[in-house]
Amino acid sequence: MADDTILNSTPIHWLSSNETDPLPESVLDWLMEVGSMTRRFEQHCQQVSVAPFREDFITLAELNDESEHLPESGKYWLREIVLYGDNIPWLLGRTVIPEETLTGPDRKLVDVGTVPLGRYLFSGHNLTRDYIQIGRQGDRWARRSLLRLSGKPLLLTEVFLPNSPVYKEN
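Since we're looking at a predicted model, the values are computed, not measured.

S.K.: Would you mind going over unusual backbone geometry with me for this structure?
M.R.: Peptide bonds are mostly trans, and most non-glycine residues show a negative phi. Of note in the backbone geometry, N87 takes a positive phi value of approximately 65° without being a glycine. Structurally, N87 is set in the loop between β3 (76-85) and β4 (88-98). With relative accessibility at 65%, the residue N87 sits in the exposed group.

S.K.: What's the story with the side chain of E66 in this structure? I'm lost.
M.R.: Note on placement: E66 falls in the loop between β2 (48-58) and β3. Classification of E66 as buried rests on a relative accessible area of 1%.

S.K.: Teacher, can you tell me more about the pattern of salt bridges here?
M.R.: Enumeration over the complete set of coordinates arrives at 13 salt bridges. Among the salt bridges present, the one from R40 reaches D29, with a minimum N-O distance of 2.5 Å. Within this pair, whereas R40 is found in helix α2 (residues 37-42), its partner D29 is found in helix α1 (residues 25-31), the two being separated by 11 residues in sequence. Since its relative accessible area comes to 14%, R40 is described here as buried. A relative accessible area of 41% places D29 in the partly exposed class. For R54, the salt bridge identified is with E62, shortest N-O distance 3.5 Å. Taking the relative accessible area as the measure of exposure, E62 reaches 25% and is therefore partly exposed. Connected through shared salt-bridge partners, D29, E33 and R40 make up one network.

Quick notes on the rules
- Residues numbered from 1 in each chain as written.
- Predicted model: local features only at pLDDT ≥ 70, side-chain atom pairs only at ≥ 80, totals over all residues.
- Heavy atoms only, no water.
- Helix = DSSP H or I, 4+ residues; strand = E, 2+ residues; numbered from the N terminus.
- Buried < 20%, exposed > 50% of the residue type's maximum accessible area, 1.4 Å probe, protein only.
- Salt bridge = Lys/Arg side-chain N within 4 Å of Asp/Glu carboxyl O.

Here it is in C-alpha cells:
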C-alpha cells in the first residue's frame, strides 16, 4: 500500500482458513458479517459518521498485494475513511475501485464523501460478495472483501479499532 495510506502503521497479516481457530466466536461473528457493517454498527450507537481521510485516483503500483484481488486497470479510485460510532473511532476503511467499475450510476461512488459506503452499496439489489478474508493488524482484527457492484469488482478492507463493539462480549 502507498506510504500515505491510513492503514500503513502496521502491516496486515492475512490469515489462511486454518488460522482462525484462536478467534473468539463473538469476533468471528462480526468479521463474517455479510450484510452492511454500517447497519450493524448503528445497532450499538446513536449515530454512525464517517470522516474521509483520502479520496483520489491511484495507480496499479500503489496497490501492493491488493492487485492480486482486482483486475488490472489504468487507475483505481481510493477511498480511505475513519468510521465513528457516537464520535468514537471504530473502524478504518480502505476501498479500492477499478476505474471500469465506475460506470453508469456507480460513478457516484467517487462522490459519497461523508456518507458511509455501506449506505450506498447496500441500498440496491446489485451487490454481491465473492469472499471475506480475515486478518490481524497488531492487536486489531481486520477483514477484506471482494465485492461486486452490478458484477464489477471493488475491494474493501476494514480494520476494527480497539473501541469498536467488535471487541465487546454480547
